[in-house]
Amino acid sequence: MADPVAIEEPAPASAVHLSRLVVTHFRSYERAALVLDGRPVVLTGPNGAGKTNLLEAISLLSPGRGLRGVPFSDLGYRAQGEQTSRLGWGVAATLMRHQGEVWDESVIGTGQNAPTDPELDEPPRVRTVRIDGETQSSAGVLTDYVRVLWLTPAQDRLFLDGAGGRRRFLDRLVMGFDPTHGTRVNAFEKVLRERNRLLSEDVRDVMWYAAVEEQIAEYGVAMAAARVETIARLKGAIDAAAESAFPKSLLALSGDLEAALGEGEAATDVEDRYRARLEENRARDRGAGRTLDGPHRSDLLVRHAPKDMEAKACSTGEQKALLLGLILANTRLLTLSIGAPPLLLLDEVAAHLDAERRAALFDELCDMGVQAWMTGTDASLFQALGSRAQAFDVRDNRCDISTL
Ligand SMILES: Nc1ncnc2c1ncn2[C@@H]1O[C@H](COP(=O)(O)OP(=O)(O)OP(=O)(O)O)[C@@H](O)[C@H]1O
Ligand SMILES: [Mg+2]
């Protein structure tokens, strides 16, 4: 029997989408260019073909180090046998945004130049960001144009591994709503390292500690408050959503600061108490060799709501469905609060899902009107999308248009 989805109407172009993507000397690509029309995108091809590399390129259109979180100097194309890249790399995209009744077009790009001295071993540590030909002072400005969310196979162990991964996941969720959160987290980590250095070098200068602890308390409470606010909004969005193929999550935050703020205590009181606790516990922390109190030790606690079971005890597929449910809720909330959908990068997301969940995911992505980028080794997994998505066959570091 013919596949009934094949006659589906094409999805309308997402209100925010890439219409062109060009990568140059990026990872396995010398150059690749994709022309896009705003529907979700499916990239299929064999292992090692360069599918995730393309998602990583798009993830660099947001602040930070992208979906693999590696140093920028790792991103340049290396020919076989080369240990380092000497070419520099670039990612450029044409971004279409539907504003009012018209489409606004911007060219956004990022990359690193080749070292001027070819003998220079150290490539530059920073990357350049350009918007419409103008070099920007920081990557933060990218969030004024587009937000990018992703889910990768590396996150499959999110509920099983330590709290660090969940904190990073949480902080990325917060950054979607409040891009300044990243700066706050970096500033907090910097002063925390400073206090840990004082402790390990056995510095006893009280004034020095007081100055550092004041900043730790200020940034730490601001960081915790942003987390509490995001989780409260996300919980509201999850509660309000209809039941779907993706189970609802029960979310909670562990951490003293988050708990106090969540109970409605004034931020200034929480800050005073945290500062006092740091002061009291200098001797204990000196013994431990690090600061033991603070939002750098908090955790995002997730339960599978229908089963009322902690996420880590759920099956692999259930954990994937929970994570997808969270990302979808976050996407809906973000679309409502900033008035524009993000780009979604879903690496190998279809493989773990049964046919019914896959179809539900595709329907939901098309309903939300997001340009979701999905990868997989097997094109048949995406057949239910039919003409609602555009497909590319990725192999030998080329991307050719194909059909589902
Ligand atoms: N800097 C680099 N220069 C050249 N090649 C690189 C570089 N970094 C990674 N590669 C290569 O890129 C190739 C493609 O990687 P990618 O992760 O995109 O594949 P994929 O299509 O997602 O495969 P899979 O289906 O296994 O996930 C790998 O073979 C890897 O060795
Ligand atoms: Mg891959």
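Some thoughts on the nonpolar core
Within soluble globular proteins, side chains that are nonpolar generally end up buried alongside one another. Core analysis: the largest hydrophobic core is formed by 103 residues, its most contacted members being Val 42, Ile 58, Leu 61, Leu 324, Leu 345, Trp 373 and Phe 382. Element by element, the count of residues in this core is highest for helix 4 (residues 206-240), at 13 residues. Both domains that meet at this core, namely domain 1 (1-147 + 340-404) and domain 2 (157-338), each give it at least three residues. Aside from chain neighbours lying at most four places away, what touches Leu 324 is Leu 151, Phe 246, Val 349 and Leu 361.

Considering the sheet that holds strand 10 (residues 299-304)
The sheet built from three strands is open, its strands ordered 9-10-11 with antiparallel pairing. What marks the edges here is a single partner per strand, and that holds for strand 9 (249-254) and strand 11 (309-310). Note that strand 9 and strand 10 share six bridges and pair antiparallel. Bridged to Leu 251 within strand 10 is Val 302.

Structural notes on the domain arrangement of the protein
Domain boundaries assigned for the protein yield domain 1 (1-147 + 340-404) and domain 2 (157-338). For domain 1 versus domain 2, the distance between C-alpha centres works out to 29 Å. Contacts between domain 1 and domain 2 engage 19 residues on the former and 16 residues on the latter. For the side of domain 1 that touches domain 2, the element with the highest residue contribution is helix 9 (residues 355-368), accounting for six residues. The residue inventory of the side of domain 1 that touches domain 2, partitioned by class, reads 11 nonpolar, four polar and four charged.

Structural notes on the site of ligand 1
For ligand 1, the set of nearby residues contains 15 residues, the closest of which are Ser 28, Asn 47, Lys 51, Thr 52 and Asn 53. Residues of the shell around ligand 1, tallied by class, amount to two nonpolar, 10 polar and three charged.

Things to note about the pairing of strand 2 (residues 29-35)
As judged from the six bridges shared by strand 1 (residues 16-26) and strand 2, these two strands associate in the antiparallel manner. Along strand 2, the bridge assignment pairs Phe 26 with Tyr 29. Hairpin remark: strand 1 followed by strand 2, antiparallel, with two residues in the connecting loop; positive phi at Arg 27, about 50 degrees.

Here's the deal with the environment of Arg 166
Position of Arg 166 among the secondary structure elements: in helix 2 (residues 163-177). Separated by 133 residues in sequence, Arg 166 and Asp 299 place their C-alpha atoms 6.5 Å apart.

Points about the packing of helix 2 against helix 3 (residues 181-200)
In contact at an axis separation of 8 Å, helix 2 and helix 3 are set at 135 degrees when each is read in the N-to-C sense. When the axis of helix 2 is compared with that of helix 3, the two are oblique. Side by side, helix 2 and helix 3 meet where Asp 171, Val 174 and Met 175 of the first sit next to His 181, Gly 182 and Val 185 of the second. Tallied by class, the residues present in the contact of helix 2 with helix 3 amount to three nonpolar, two polar and one charged.

As for unusual backbone geometry
Across the chain, the bulk of peptide bonds are trans and the bulk of non-glycine residues have phi less than zero. With a phi close to 55 degrees, Asp 202 is a non-glycine residue in the positive phi region. Among the structural elements, Asp 202 can be located in the loop between helix 3 and helix 4. With 7 C-beta atoms counted inside 10 Å, the residue Asp 202 sits in the exposed group. Here Asn 397, not a glycine, exhibits a phi torsion of approximately 60 degrees, which is positive. Checked against the element boundaries, Asn 397 lands in the loop between strand 14 (390-395) and strand 15 (398-402). Assessed through the 18 C-beta atoms surrounding it within 10 Å, Asn 397 is described here as partly exposed.

Topic: helix 2
In this model helix 2 runs 22 Å from its N-terminal to its C-terminal C-alpha over 15 residues, within 8% of the 21 Å that 1.5 Å per residue would give. What helix 2 keeps buried is the set Arg 166, Arg 167, Leu 170, Leu 173, Val 174, Met 175 and Gly 176. On its buried side, helix 2 packs onto strand 8 (148-151), helix 3, helix 4, strand 10 and helix 8 (316-338).

Regarding the sheet that holds strand 3 (residues 41-44)
A sheet is described by the order of its strands in space; here six strands give the open sequence 8-12-13-3-14-15, paired in mixed fashion. Two strands close off the open sheet at either side, each with one partner strand: strand 8 and strand 15. This sheet shows a mean twist of 20 degrees between the axes of neighbouring strands, independent of strand direction.

What counts, and at which threshold
- Residues numbered from 1 in each chain as written.
- Chains lettered and ligands numbered in written order.
- Predicted model: local features only at pLDDT ≥ 70, side-chain atom pairs only at ≥ 80, totals over all residues.
- Core = buried A, V, L, I, M, F, W, Y, C linked by C-beta atoms within 7 Å.
- Buried ≥ 20, exposed ≤ 12 C-beta atoms within 10 Å, placed from the backbone.
- Helix = DSSP H or I, 4+ residues; strand = E, 2+ residues; numbered from the N terminus.
- Domains from an automatic or database assignment.
- Contact = placed C-beta atoms within 7 Å.
- Pairing = 2+ DSSP bridges.
- Nonpolar A, V, L, I, M, F, W, Y, C, P; charged D, E, K, R; others polar.
- Near = placed C-beta within 6 Å.
- Axes fitted to C-alpha atoms, helices over the stretch in contact; angles between N-to-C directions.
- Parallel < 35°, antiparallel > 145°, perpendicular 65-115°, else oblique.
- Expected span 1.5 Å × (residues − 1).

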